[in-house]
Amino acid sequence: DAMVIQNPRYQVTQFGKPVTLSCSQTLNHNVMYWYQQKSSQAPKLLFHYYDKDFNNEADTPDNFQSRRPNTSFCFLDIRSPGLGDAAMYLCATSRGSSYNEQFFGPGTRLTVL
Amino acid sequence: ILNVEQSPQSLHVQEGDSTNFTCSFPSSNFYALHWYRWETAKSPEALFVMTLNGDEKKKGRISATLNTKEGYSYLYIKGSQPEDSATYLCASFSGNTGKLIFGQGTTLQVKP
């Protein structure tokens, strides 16, 4: 089945220790997104790639970076995680514009100690 | 309305009850309204993508309506079953923001 896969499902890191979350897709969609969801809050878009074009949200902290080496893979790098970065991180894909249906992975739950 | 807001935040119903939730969104420069179902430990899955004012969509026991002029959508579940237990997220796309803005979700618990 075509799908969006996120690894790992649970990630524990220490305050200030860099961490990378990964996302892969078999849907061949050209747009990939990273969302952050803190407890009981709305998922918040961090950035997205439209093909190779990177689009950063204005309020995404500089601490967060992303890489998309090819169509299938996208990475979220958190350079120096703080306690406030503990959250669920969701990866999603869509064909074309983000007003089209988005397909989500199961998320990575990040804990910062 | 500047944000996407959902109510209630959580809901507990008995098996067989029918229920509905509300999503309010900015009506200015509206493009699309999405509903997603997110079961625990699974991926959020799209239920509906709606674009036209007055649109009604149905999938099994779940249906949704859309009012783009006043900026709201209702999601209805008829005869709730325990497998309907999930968080239901709505999200709005407008030309003003150029991105999908999510609500905080309504968490439904259906007791057998």
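Refer to the structure printed above.
About the cut-offs
Residues numbered from 1 in each chain as written. Chains lettered and ligands numbered in written order. Predicted model: local features only at pLDDT ≥ 70, side-chain atom pairs only at ≥ 80, totals over all residues. Heavy atoms only, no water. Helix = DSSP H or I, 4+ residues; strand = E, 2+ residues; numbered from the N terminus. Rg over C-alpha atoms; globule rule 2.2 N^0.38 Å. Buried < 20%, exposed > 50% of the residue type's maximum accessible area, 1.4 Å probe, protein only. Contact = heavy atoms within 4.5 Å. Areas by Shrake-Rupley, 256 points an atom, 1.4 Å probe, with all protein chains shown as cover. Pairing = 2+ DSSP bridges. Buried area = accessible area lost by both parts, 1.4 Å probe. Salt bridge = Lys/Arg side-chain N within 4 Å of Asp/Glu carboxyl O. Polar contact = N/O pair within 3.5 Å; in protein donor to acceptor, adjacent residues only side chain to side chain. Nonpolar A, V, L, I, M, F, W, Y, C, P; charged D, E, K, R; others polar. Disulfide = S-S within 2.5 Å. Axes fitted to C-alpha atoms, helices over the stretch in contact; angles between N-to-C directions.

Chemist: Looking at this structure, how should I read the overall build of chain A?
Modeler: Of the regular secondary structure elements, chain A holds 0 helices and 11 strands. Each helix (α) and strand (β) of chain A, taken in turn from the N terminus, gives the series β-β-β-β-β-β-β-β-β-β-β. The C-alpha atoms of chain A give 13 Å as radius of gyration, which agrees with the globular expectation for 113 residues (13 Å, within 12%). Taking all 113 residues of chain A together, the buried fraction comes to 50%. Across chain A, contacts joining residues at least 24 apart in sequence account for 56% of those joining residues at least 6 apart. Of the accessible surface of chain A, which amounts to about 5,600 Å², a share of 49% is contributed by carbon and sulfur atoms.

Chemist: How should the pairing of strand β2 (residues 10-14) of chain B be read in this particular structure?
Modeler: Remark: a regular strand shows side chains that alternate across the two faces of the sheet. Residue and element names in this part refer to chain B. Where burial is concerned, the two faces of β2 differ: the one with L11 and V13 is buried and the one with S10, H12 and Q14 is not. Taken together, the 5 bridges between β2 and strand β11 (residues 106-111) define a ladder with parallel strand orientation. Residue pairing across strands places H12 opposite Q109, the latter belonging to β11.

Chemist: Please clarify how the interface of chain A and chain B should be interpreted in this entry.
Modeler: Note: interface size is frequently given as the accessible area lost on complex formation between the parts. Listed per partner, the contact involves 20 residues of chain A and 20 residues of chain B. Roughly 1,500 Å² of surface becomes buried between chain A and chain B when both sides are summed, with 62% attributable to carbon and sulfur atoms. Of all residues in chain A, P43(A), Y99(A) and F104(A) give up the largest surface area on contact with chain B, accounting jointly for 33% of the area buried on that side. Across the chain A-chain B interface, the total number found is 1 salt bridge. The partner of K99(B) in a salt bridge is E57(A), with the nearest N and O atoms 2.4 Å apart. The interface formed by chain A and chain B holds 6 residue pairs in polar contact (both at pLDDT 80 or more) in total. Residues of the side of chain A that touches chain B, tallied by class, amount to 9 nonpolar, 8 polar and 3 charged.

Chemist: Help me understand the state of the cysteines, please; the structure alone is not making it clear to me.
Modeler: Residues and elements named next belong to chain A. This model, assessed by the stated rule, comprises 2 disulfides over all chains. A sulfur-sulfur distance of 1.9 Å marks the disulfide that ties C23 to C91. Disulfide C23-C91: torsion about the S-S bond near -70°, hence left-handed. Residue C23 is found in strand β3 (residues 19-25), and its partner C91 is found in strand β9 (residues 87-94); the two are separated by 68 residues along the sequence. No disulfide involves C74; its sulfur sits 6.0 Å from that of C91, the nearest cysteine.

Chemist: Is there a simple way to explain unusual backbone geometry in this structure?
Modeler: A negative phi angle characterises most non-glycine residues, just as the trans form characterises most peptide bonds. The amide bond that connects N7(A) to the next residue, P8(A), takes the cis arrangement and shows omega of -15°. For P8(A), the position within the fold is in the loop between β1 (4-7) and β2 (10-13). Across the junction of S7(B) and P8(B), the peptide omega takes the value -5°, indicating a cis bond. Looking at where P8(B) falls in the secondary structure, it is placed in the loop between β1 (5-7) and β2. Despite not being glycine, D51(A) shows a phi value in the positive range, around 55°. Looking at the element boundaries, D51(A) is found in the loop between β5 (44-50) and β6 (53-56). A positive phi angle, close to 55°, is found at N29(B), a residue other than glycine.

Chemist: Where do I start with the sheet that holds strand β7 (residues 64-67) of chain A in this structure?
Modeler: Two orientations exist for strands paired in a sheet by backbone hydrogen bonds: parallel and antiparallel. Residues and elements named next belong to chain A. Read across the open sheet, the 4 strands follow the order β1-β3-β8-β7; overall the sheet is antiparallel. Of all the strands in the sheet, the pair left with one neighbour each is β1 and β7. Within this sheet the neighbouring strands show an average axis-to-axis angle of 20°, counted without direction. Relative to strand β8 (residues 73-78), β7 runs antiparallel, the two sharing 4 bridges. For Q65, the partnering residue across the bridge sits in β8 and is D77.

Chemist: How should the sheet that holds strand β7 (residues 62-67) of chain B be read in this particular structure?
Modeler: Residues and elements named next belong to chain B. Here 5 strands make up an open sheet; going across it, the order is β1-β3-β8-β7-β6 and the pairing antiparallel. Pairing within the sheet leaves two strands with one partner each, and these edge strands are β1 and β6 (56-59). On average, each strand axis in the sheet is inclined to that of its neighbour by 15°, with strand direction left out of account. Judged from the 6 bridges that link them, β7 and strand β8 (residues 72-77) form a sheet pairing that is antiparallel. Paired with T65 across the bridge in β8 is Y74.

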